[in-house]
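Listed here are the chains, written in short residue letters.
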Amino acid sequence: MLENLPKQAPDGILHLMEQLRADPRAEKVDLGVGVYRDATGATPIMRAVRQAGRRLWEAETTKTYTALAGDAAFLAAVRALVLGDAPETAAIATPGGTGAVRLGLELVRMANPEARVFVSDPTWPNHLSILAHLGMEAVPFRYFDAGTQDVDRDGLRGDLAALREGDVVLLHGCCHNPTGADPDTDLWEEVARIIRAAGAIPMIDLAYLGLGDGIEEDAAGTRALVSACPEALVALSCSKNFGLYRERVGALIVSAADDMAAELAQGAMTHLNRQAYSFPPDHGARLAAMVLDDPALRAEWLTELGEMRAQVKGLRTALVEELRARTSSGRFDYITRHRGMFSMLGASPAQVTQMRETHGIYMTRDSRINIAGLGARDVPRLAAAMVEAGL
Ligand code: PMP
């Protein structure tokens, strides 16, 4: 039987990590994997999360099963975090944001097997992989202008004009992965109007809430879509903003047109949890809920999120200044306009290879760099590599 299995293509990022590990150069720089790093290169356990962990260790009396939908306190806390006050919503806890994306798309397929899913070009590769796995049609829409490194507003409008009733538009709520280019407020509102007018449904992948400009700022696009459209899905990840990567914390939040639809959605979502793995992971979700519900821990968490943003923004500014000095031009200023951990440089695969071979700088083939992977002392070398490669 097993010999019949199709051979899976190697994962691009994992291959890059192997190449990096085998590289003997001490000064090599890992801008590949999408995890936050502080100034010392560590991906720390956040202070508030560590404190919550201590309290939980003392206070927890049982590890018996929780609810199929997940811990109610966690669901209430993340619903309020993402949407503010939104009564007609259904929610389940999921294993990470990936679990929420996967089950969200399964929910779409259950409700409408004909739904096409519009995805930004480019997008997080796993979106395409999950859609292919589920046998759902992915329709790419133009998103990124490789000339300006900003959102391709006209391309986006032009391609979303093809939306039909019942289609789904998968959007990145903030800190677009891989490009770093986010819509501004006007564009979010326009996109919401286009989706609503077409009778389509927004699905928002929110994997970096709080890593762009702040919780409220980063949630604004999602909230605009949810309030404009009668139905919307949000796939939340708590991997980056709580530093809970390996605990697998996420939630699928669905806003419905009325209480009856919300109840149907809640039933279907709980069923999806049940048939996939019964109960979603609880430990990390409980830590996140404790942080969100305790005013002191929440304040500490918001402070640390602010420090993380400042770290990434400081590196963006340093890189742009270095590039300005080397090229006497502002052509790299887009790097400070980008949000979150990533920027797409618009380099060709040959240029990406050149930067790796000559300077030991590792990024994904599409020229996405994880800004947080930079140490302050790596900035001049990255700038030199970019200029030498002819960017
Ligand atoms: N969506 C996007 C756009 C992401 O970048 C990620 C993390 N790489 C995820 C979802 C899922 O994250 P996780 O499953 O680790 O919570």
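Residues numbered from 1 in each chain as written. Predicted model: local features only at pLDDT ≥ 70, side-chain atom pairs only at ≥ 80, totals over all residues.

With that out of the way, let us pick up the sheet that holds strand β9 (residues 232-237). With mixed pairing, seven strands are arranged side by side in an open sheet as β2-β10-β9-β8-β7-β3-β4. A single partner strand is all that each edge strand has here, and the edge strands are β2 (89-94) and β4 (137-142). On average, adjacent strands in this sheet sit at an angle of 20 degrees to one another, irrespective of strand direction. Bridge analysis of strand β3 (residues 116-121) against strand β7 (residues 168-172) gives three bridges, and the strand direction is parallel. Bridge pairing in β7 links V117 to V168. (Pairing = 2+ DSSP bridges. Helix = DSSP H or I, 4+ residues; strand = E, 2+ residues; numbered from the N terminus. Axes fitted to C-alpha atoms, helices over the stretch in contact; angles between N-to-C directions.)

It is worth spelling out the packing of helix α10 (residues 283-293) against helix α11 (residues 295-327) at this point. The interhelical angle for the contact between α10 and α11, taken along N-to-C directions, is 100 degrees, at an axis separation of 5 Å. As summarised for this structure, α10 and α11 are arranged roughly perpendicular, according to the angle between their axes. In contact with M290, V291 and L292 of α10, α11 contributes L297, R298 and W301. By residue class, the composition of the contact of α10 with α11 is five nonpolar, no polar and one charged. (Parallel < 35°, antiparallel > 145°, perpendicular 65-115°, else oblique. Contact = placed C-beta atoms within 7 Å. Nonpolar A, V, L, I, M, F, W, Y, C, P; charged D, E, K, R; others polar.)

Quick look at the site of the ligand now. Near the ligand, the surroundings consist of 14 residues, among which G96, G97, T98, S237 and S239 are the closest. Tallied by class, the residues present in the shell around the ligand amount to four nonpolar, nine polar and one charged. (Near = placed C-beta within 6 Å.)

On to the nonpolar core, then. Of all hydrophobic cores here, the largest spans 112 residues; its most connected members are V82, V169, L236, A251, L252, A288 and V291. The element that contributes the greatest number of residues to this core is α11, accounting for eight residues. Two domains each provide a minimum of three residues to this core, namely domain 1 (11-45 + 298-388) and domain 2 (65-293). If sequence neighbours within four positions are ignored, V82 has contacts with L206, L209, A219, T222, V234, L236 and I253. (Core = buried A, V, L, I, M, F, W, Y, C linked by C-beta atoms within 7 Å. Buried ≥ 20, exposed ≤ 12 C-beta atoms within 10 Å, placed from the backbone. Domains from an automatic or database assignment.)

This brings us to the confidence of the model for the protein. For the protein, per-residue confidence averages 96 on the pLDDT scale, and residues scoring 70 or more make up 100% of the total. Interface scoring of the predicted complex returns ipTM 0.99; its pTM is 0.97. (pLDDT = per-residue confidence, 0-100.)

Our next topic: the pairing of strand β8 (residues 201-206). With six of six residues buried, β8 is to be regarded as a mostly interior element. In the sheet, β7 pairs with β8 via five bridges, with the strands oriented parallel. Along β8, the bridge assignment pairs L170 with M203. One crossover worth recording links β7 to the parallel β8 by way of helix α7 (residues 185-198), and it is right-handed. (Right-handed = clockwise from strand over helix to strand, strands pointing away.)

Here helix α14 (residues 379-388) has its buried residues at L382, A383, A385 and M386. Along the axis of α14, the buried positions cluster into a sector of 160 degrees, meaning they face one direction only. Just past α14, the residue G390 takes up positive phi, approximately 90 degrees. (Arc of directions from axis to C-beta.)

Moving on, we come to unusual backbone geometry. Residue P122 is reached from D121 by a cis peptide bond, and omega for that bond is 5 degrees. In the segment running from N177 into P178, the intervening peptide bond is cis, with an omega of 20 degrees. Looking at where P178 falls in the secondary structure, it is placed in the loop between β7 and α7. Although it is not a glycine, Q149 sits at a positive phi angle of roughly 60 degrees. Relative to the helices and strands, Q149 resides in the loop between β5 (144-145) and β6 (150-151).

Moving on, we get to the environment of A59. Summarising the element assignment, A59 is placed in helix α2 (residues 47-59). Distance from A59 to Y36, taken between C-alpha atoms, is 30 Å for residues 23 residues apart in sequence.

Once that is clear, we can look at the environment of L68. Relative to the assigned elements, L68 resides in the loop between α2 and α3 (72-83). Separated by 200 residues in the primary sequence, L68 and A268 have C-alpha atoms spaced 12 Å apart. Here L68 is in contact with T270, N273, R274, S278 and F279, once residues within four sequence places are set aside.

Moving on, we come to the packing of α7 against helix α8 (residues 215-228). Between α7 and α8, the shortest axis-to-axis distance is 9 Å and the interhelical angle comes to 30 degrees. The orientation of α7 relative to α8 falls into the category roughly parallel. The two elements α7 and α8 meet at a crossing, and its hand is right-handed. In this structure, α7 uses T185, W188, E189, A192, R193 and R196 to contact α8, whose residues at the interface are A220, G221, A224, L225 and A228. Among the residues forming the contact of α7 with α8, the class breakdown is six nonpolar, two polar and three charged. (Left-handed = near helix turned anticlockwise from the far one by under 90°.)

Annotation of the protein at the domain level lists domain 1 (11-45 + 298-388) and domain 2 (65-293). Computed from C-alpha coordinates alone, the two centres of domain 1 and domain 2 are separated by 26 Å. With 24 residues of domain 1 in contact, the opposing surface of domain 2 contributes 25 residues. Elements with a contribution of two residues or more to the side of domain 1 that touches domain 2: α11, α12 (334-337) and β11 (342-344). Per element, the largest residue contribution to the side of domain 1 that touches domain 2 is five residues, and it comes from α11. When its residues are assigned to classes, the side of domain 1 that touches domain 2 shows eleven nonpolar, seven polar and six charged.

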